[in-house]
Amino acid sequence: MATFAKPENALKRAEELVNVGQKQAALQALHDLITSKRYRAWQKTLERIMFKYVELCVDMRKGRFAKDGLIQYRIICQQVNVSSLEEVIKHFMQLSTERAEKARTQVQALEDALDVEDLEADKRPEDLMLSYVSGEKGKDRSDRELVTPWFKFLWETYRTVLEILRNNSKLESLYAMTAHRAFQFCKQYKRTTEFRRLCEIIRNHLANLNKYRDQRDRPDLTVPESLQLYLDIRIEQLKIATDLELWQEAFRSVEDIHGLMSMVKKSPKPSVMVVYYAKLTDIFWVSDSHLYHAYAWLKLFTLQKSYNKNLSQKDLQLIASSVLLAALSVIPYDRKHGASHLELENEKERNLRMTSFINFSLDPKGESRGVLSRASLLAELTNKGVMTCVSQEVKDIYNLLENEFLPLDLATRVQPLLAKISKLGGKLSSASSVPEVQLSKYNPALEKLTTLRVLQQVSQVYQSIKIESLLKMIPFFDFSVVERISVDAVKYNFLAMKVDHLKGAVLFGNVDIESEKLSDHLAILADSLNKVRNLISPPLRKESKLGVSYDLAEIVDKEHKRLLARKFIIEKRKEEHERQMLEMEREEESKRLKLQKVTEEAEQKRLAEEYIRREEQRIRREIEERELQEAQALLLETQKGAKKKGKKPLLEGEKVTKQTLIEMALNEQLKERQELEKKLQKLAKTMDYMERAKREEEAQLIEQAFQQRLVEEKILHEHEQLKEIELSRQHHAGDLQEKKRLARMLEQKEIFQRKIVSQREAEYNRVKKEREDKINQIVTMRKREREIKRKLLYYLKAEEERLTRQQEEEEARKREEEERRKIEDAERKAKLDAIAERQRQRERELEEKEQLRREALLRKPIEPLPQPTGPASAPPEPVPAAAASAASAAPATGKYVPRFLRDKSEGQRAAAAPPEPDRWGRKDERPPQSGSGDRWTSENRRSSFGGTRVPSSSSWSRTRN
C-alpha cells in the first residue's frame, strides 16, 4: 500500500502510470488513497482524484472498485459538500452510458448482440463450447463480446449508484434521477429481467426506510417534496411496466403506490392520479376485470372533468363514451351463484382489495367501501352526469341494451351502431396523461351482452324456438359460441334454457323454475302491501338533532379541559425546546472533545506510521538482498547446466543488479525451451513422414481385401435368395389346400354370425331401456326430494321469523313496562319530596312565629297583680333564670330536641335551682290552680305550635281566675 504526503502526489503518480500503460497500478494507487483513513477531510483535490478514479474504473470495467471508492467518498463529503458527490456520480454514469452507446454504434447487429436473458449471468455453455471448438470466432460472437460487457457494466453502474444513494435525505433528487435513467435503460433495450430486479431493489429500499426510520439523515415522507419524488419514481415504474407489458409487475407497482399513499395519509396531485387511473384501466382490461376497469374509467372521467380546465368537448365526450361502454361490457349477472364458501371468501377479499385501489384516497366518504356491482355503477353514471356527455351512438346502444324490449330485432339494431362506434377514438389532444382511446375494443363485450339480452328477452316470450331462427336474431356468432355463452349464463342462474340438438330447437324454462316464479310474485305482493301499510300508518320519525338541548356546564367543562390540554402541550414544547438546546450544547462539547482526541490520535498514529515505515524499509532491504542472492544462485545453476563458463565473471562485478540477474536467468531458460521445442518439432515431422508412408503402403492391400469381400458377399446373397423363393412356393401350396378345406363351412359361419349379432342387439336394447327407466325414476325421485326440502326450508324459515317477531314484541313490551315503571317511580318520588318540603317550610314558619311571640312577651313590662277577694292562692313557683333562658333559647336555635330528653333536662334544672324569694315580701301558700283554667298549658302549646313544648315552671305561663 503506497503512502503519499499529499493527495496531489497520488494523482500525479496515477497519471504517470496511465501514460506508461499501467492502468491497474494507477487504479490501485488511487484506491489506496481513497480508502485510507489519513485523508478524511474533504478538499477540492479529492474531487479531481475521484473523477480520475471513476474514469479508470470505466475504462477497465471495474465495478467493484467503483463501488468501494464511491462509498468511501460519500463518507468523506456527506456532511461537508454533498454536491461534490453528486457531480462525481453524474460523471460516472455519463461515462458508462457513453461507452455503452459507443459500443452499440460500433456494432450493426444490435439485437443479436443483446440477445441475452440475464445480464448478471455468466457465459452460456454453448458459447464456451463454440469458443473452444472453433478456431476463429464468428461475427455474432464477436459482437456479443463487444456490446454485452458494456451493457452489463452499465447495469451494474445503475445498481451501484442506487445502493449508494438509498435512503439519504440529502441525495433524494439524485436517487430519483438515477432511478428514472435506469427505467429508461430497461425500456430502451427491452430488458424485462433487469426491470423486475430494479423494481424489487426500489421496493426493498422503501421497506428499509420504513423499518429504520429513526436513523440519521433518513428521508421524511411527510414532507411534500420527498413524497412527490418517491411517487414520481413509482409512477414512472408503472408506465415502463405497462409499456413492456409486464402486467404482474405493473400491478405490484400499483400496490406500491397505494401503500405509499396509505402510509403518509395524504392526497396526491390530480396529475399523478390521472396517470394512476389511466394505467389501472389497462391493467384491469388485460386481466378481464371489466367491472373495475369501468370504475377506473369513471374515476378518470371525474378527475379530468374537475381539474383539467383545457379539456375540450370532443375529448370529454370520448372519455364519457369510454366510461359508459366499459360499464356495459360488464356481464349482467353475478358469478357467486353455486360457488363454495372458500371461493366466496377469496372473491370478497379480492373485491375489497380492488375497491381500495379504485377509491385510492380521493373521496373515501363518497361511495361505499363494500363490493361494487354493475347496477350501482350504472346508477352512479346517471347521478354524476356521464350520460349527458356521451355521444349519440353510445347513448342509443345503452337505451337498446338496458331499457328496450326488442327480442326479434335487437341485434340488427345494435349491429350498425357497433360499426359506427368502432370508428370512434384516437389520441386525446387536451389530456396528455391519458393514452389513446379506442372504442373498438369494447365491440366483443358488447356483442356478448347483446346475445345475452336477446336470449333473456326471447326466453320471456317463447317457450321454444328453432336454432335457425335464433341464429337469424344473433348475427354476431356461430351457434357454438352462442351455446358457450348460454351455458355460462345458465350456470350462474341468469337464464333457464336447454338445447335439443336432435330436434334442432332451444327450450326455455323448466318445471323447477315455476315455484321460483311464484315466490317472486309473492315477494312483489309483499313489497306492495308493505308500501301501502307505510302510507296508511307511517312509522315514527326519529327526533331531530336540532331539538337536542345543550348542557352549558358540559360545554364549559370541555372548554376547560381543552385549555388545560393546550397548556400542557405548550409546557411540553417548552421542555422539549430546552432539552434540545441542552443536547446541542452537549453535542458541541462532545465534538470539541472528539476533535481534540482525534488530533492526539492522529499525532500518535503519525509517529507509529513513521516507525512502521522505517521497519518496512529495513525489511525491504533485507528481502532485496536475499532475492539478489537467490538470483545469483539461479544464474549459476543455469550457466552450470548449459556449460557456459564464459559469463561467470559477471557475478564478480559490483554493478550487477537483481533485475539483471533475473533477466539473464530467464534468457537462459528461454533458450533451453526454444531448443527443446525445435527438437520436438523435428521429431513430430519425422513421425508425420513415417505415418504417411505407412498409409500409402497399406492403401493397396485394403483395396484388394475389399474387392475379395464383395465377391464373397455376392455369392452368399444369390444362394440365400434361391432358398427364400423355394420356401415361399411351399407356403403358397399349403395355403391353397387349407383354403379349399375351409370353403365348405363358409355358409354356416355367416348364419352363426348373424345370429350372434341379433342376440347382442336385443341385449343392448334391453339394457338401454332399463337404464333409461332407472334414470327417469332417479330424476323423479330427486325432484320430489328437492320439492320436500324446499317446503321444509320455507316452513323452518317462516317459523323462525315468527319466533323472532314474537321475541322482539316481548322485548318491546318489557321495555315499555320498564320505562313506565321508571316514570311512575320518578313522579312518586317528586310528590313525596314536594310534601316533605312543604312540611319543613310550615315547621320553620311556626318556629319563627313562636320565637317572635316569646320575645314580645319577654319585652312586656311586669305589672302588679290585683289582690284577689277570694281565698288566698299559692304564688307560682319561681323559675330559674337559667331554665327560662334555656327554654327561650331552645326553640330559637331551630334544632329539634326529643320530648323525653327535654322533660328530663327541665326536671334536673328545677331540682337544682333554689326557690326564688317572693319579690313582694310575702309568701302565698295557696295551692295552684287546676290545669283547666290555664290558657297556655303545654298540651295547648303543643297542639297550637306544632309540638313545641314550653316549660310549665315559667312564671309567665299562668293566669289567675
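The following paragraphs examine the structure supplied in this document. Here the structure is a predicted model, which means the values were calculated and not measured.

**Regarding the overall build of the protein chain**
So, point 1. If you tally the helices and strands in the protein chain, you get 29 helices and five strands.
So, point 2. Put simply, 74% of the contacts in the protein chain that link residues at least 6 apart link residues at least 24 apart.
So, point 3. Summing over all exposed atoms, the protein chain offers an accessible surface of approximately 66900 Å²; the carbon and sulfur share of this is 54%.

**Observations concerning the pattern of salt bridges**
So, point 1. What the rule picks out here adds up to 38 salt bridges.
So, point 2. A salt bridge links R692 to D688, with the shortest nitrogen-to-oxygen separation between them at 3.5 Å. With R692 and D688 both in helix α25 (residues 658-742) and four residues apart, the pair spans about one turn of that helix.
So, point 3. Here E691 makes a salt bridge to R695, at a shortest N to O gap of 3.3 Å. One end of the pair, E691, and the other, R695, are both in helix α25, four residues apart, so they sit about a helical turn from each other.
So, point 4. Put simply, E200, R203, E249, R252 and D256 are held in one network by salt bridges that share partners.

**Some remarks on the pairing of strand β5 (residues 505-508)**
Within a regular strand, side chains alternate between the sheet's two faces.
So, point 1. The pairing of strand β3 (residues 464-466) with β5 spans three bridges and is classified as antiparallel. Following the sheet pairing, S464 is matched in β5 by L507.
So, point 2. Counting the residues that bridge the hairpin from strand β4 (residues 497-500) to β5 gives four residues, and of these G504 lies at a positive phi of roughly 70°.

**Thoughts on a nonpolar patch on the surface**
So, point 1. Among the surface-exposed residues, F405, L408, V461 and Y462 lie close enough to one another that they form a single nonpolar patch of about 360 Å² accessible area.
So, point 2. Within the secondary structure, L408 sits in the loop between α18 (392-402) and α19 (410-421).
So, point 3. Judged by its relative accessible area of 49%, L408 is partly exposed.

**A word on the state of the cysteines**
So, point 1. Inspection of every chain in the model, using the stated rule, returns zero disulfides.
So, point 2. Free of any disulfide, C186 has its nearest neighbouring cysteine sulfur in C199, separated by 7.8 Å.
So, point 3. For C186, a relative accessible area of 0% puts it in the buried group.

**Side note on the sheet that holds β4**
So, point 1. The strand order β3-β5-β4 describes an open sheet built from three strands, whose pairing is antiparallel. Bordering the open sheet on either side are β3 and β4, each of which pairs with just one other strand. Between one strand axis and the next, the sheet turns through 20° on average, direction left out of account.
So, point 2. Where β4 and β5 come together, four bridges link them in antiparallel fashion. Within β5, the position partnered with K498 by the bridge is L507.

**Side note on the nonpolar core**
So, point 1. F183, F195, W297 and L381 are the most contacted members of the largest nonpolar core, which totals 160 residues.
So, point 2. Here F183 is in contact with F195, L198, C199, I202, I233, E236, Q237 and I240, once residues within four sequence places are set aside.

**Considering the side chain of H205**
So, point 1. Locating H205 in the fold gives a position in helix α10 (residues 192-211).
So, point 2. Sequence-distant contacts of H205, defined by excluding residues within four places in its chain, comprise L162, E163, R166, N167 and Y175.

**Focus on the packing of helix α15 (residues 313-328) against α18**
To describe two helices that pack against each other, one gives the angle between their axes and the distance between the axes.
So, point 1. Two elements in contact, α15 and α18, have axes separated by 10 Å at closest approach and are oriented at 20°. The angle between α15 and α18 places the two elements in the roughly parallel class. Taken as a pair, α15 and α18 cross one another with a handedness that is left-handed. For the pair α15 and α18, the contacting residues are Q317, S321, L324, L325 and L328 in the first and Q392, V394, I397, Y398 and E402 in the second.
So, point 2. Residue composition of the contact of α15 with α18, grouped by class: six nonpolar, three polar and one charged.

**Concerning the packing of aromatic side chains**
What describes a pair of aromatic rings is the distance from one ring centre to the other and the angle between the planes of the rings.
So, point 1. Evaluated as defined, the whole model comprises 14 aromatic pairs.
So, point 2. Geometrically, the ring pair formed by F92 and F153 is edge-to-face, given 6.3 Å between the ring centres and 85° between the ring planes. Of this pair, F92 sits in helix α5 (residues 82-106) while F153 sits in helix α8 (residues 139-165), and the two are 61 residues apart along the sequence. Like F92, the residue F153 is buried in the burial classification.
So, point 3. Here F183 and F195 contribute two aromatic rings whose centre-to-centre distance is 5.8 Å and whose plane-to-plane angle is 55°, an arrangement assigned as tilted. Of the two residues, F183 sits in helix α9 (residues 172-188) while F195 sits in helix α10, which places them twelve residues apart along the sequence.

Each value, and the rule that gives it
- Starting from 1, residues in each chain are numbered consecutively following that chain's sequence as written.
- The predicted nature of this model means local features are confined to residues of pLDDT at least 70 and side-chain atom pairs, given and counted, to a pLDDT of 80 or more, with totals for whole chains, interfaces and linings taken over all residues.
- Side-chain numbers here rest on the full set of heavy atoms in the structure, without hydrogens or water.
- Where helices and strands are cited, they refer to DSSP runs of H or I of at least four residues and of E of at least two residues respectively, numbered from the N terminus.
- Two residues form a contact once any of their heavy atoms are found within 4.5 Å.
- Residue burial considers only the protein chains on display, and all accessible areas are found by Shrake-Rupley using a 1.4 Å probe.
- The working definition used for a salt bridge is a side-chain nitrogen of Lys or Arg within 4 Å of a carboxyl oxygen of Asp or Glu.
- Paired strands, in this sense, are two strands between which DSSP finds at least two bridges.
- A patch consists of residues whose relative accessible area exceeds 30% and which take part in no salt bridge; residues with like charges are grouped when within 9 Å of each other, and nonpolar side chains (Val, Leu, Ile, Met, Phe, Trp, Tyr) when within 5 Å.
- Per-residue accessibility, obtained with a 1.4 Å probe over protein chains only, is compared with the maximum for each type, and a residue is labelled buried under 20%, exposed over 50%, and partly exposed between these values.
- What counts as a disulfide here is a pair of cysteine sulfur atoms lying within 2.5 Å.
- Axis angles are defined between N-to-C directions and span 0 to 180 degrees, where every axis is a line fitted to C-alpha atoms and, for a helix, only to the segment in contact.
- Put simply, buried Ala, Val, Leu, Ile, Met, Phe, Trp, Tyr and Cys residues joined by side-chain atoms within 4.5 Å make one nonpolar core.
- Working definition: roughly parallel below 35 degrees, roughly antiparallel above 145 degrees, roughly perpendicular at 65 to 115 degrees, and oblique for all remaining angles.
- Helix crossings get a hand from a simple test, with the near helix turned counterclockwise from the far one by less than a right angle marking a left-handed crossing and a clockwise turn marking a right-handed one.
- Charged residues are taken to be Asp, Glu, Lys and Arg, nonpolar residues to be Ala, Val, Leu, Ile, Met, Phe, Trp, Tyr, Cys and Pro, and polar residues to be all remaining types, Gly included.
- For Phe, Tyr and Trp, where Trp contributes only its six-membered ring, two rings pair if their centres lie within 6.5 Å, and the inter-plane angle classes them as stacked under 30 degrees, edge-to-face over 60, or tilted in between.

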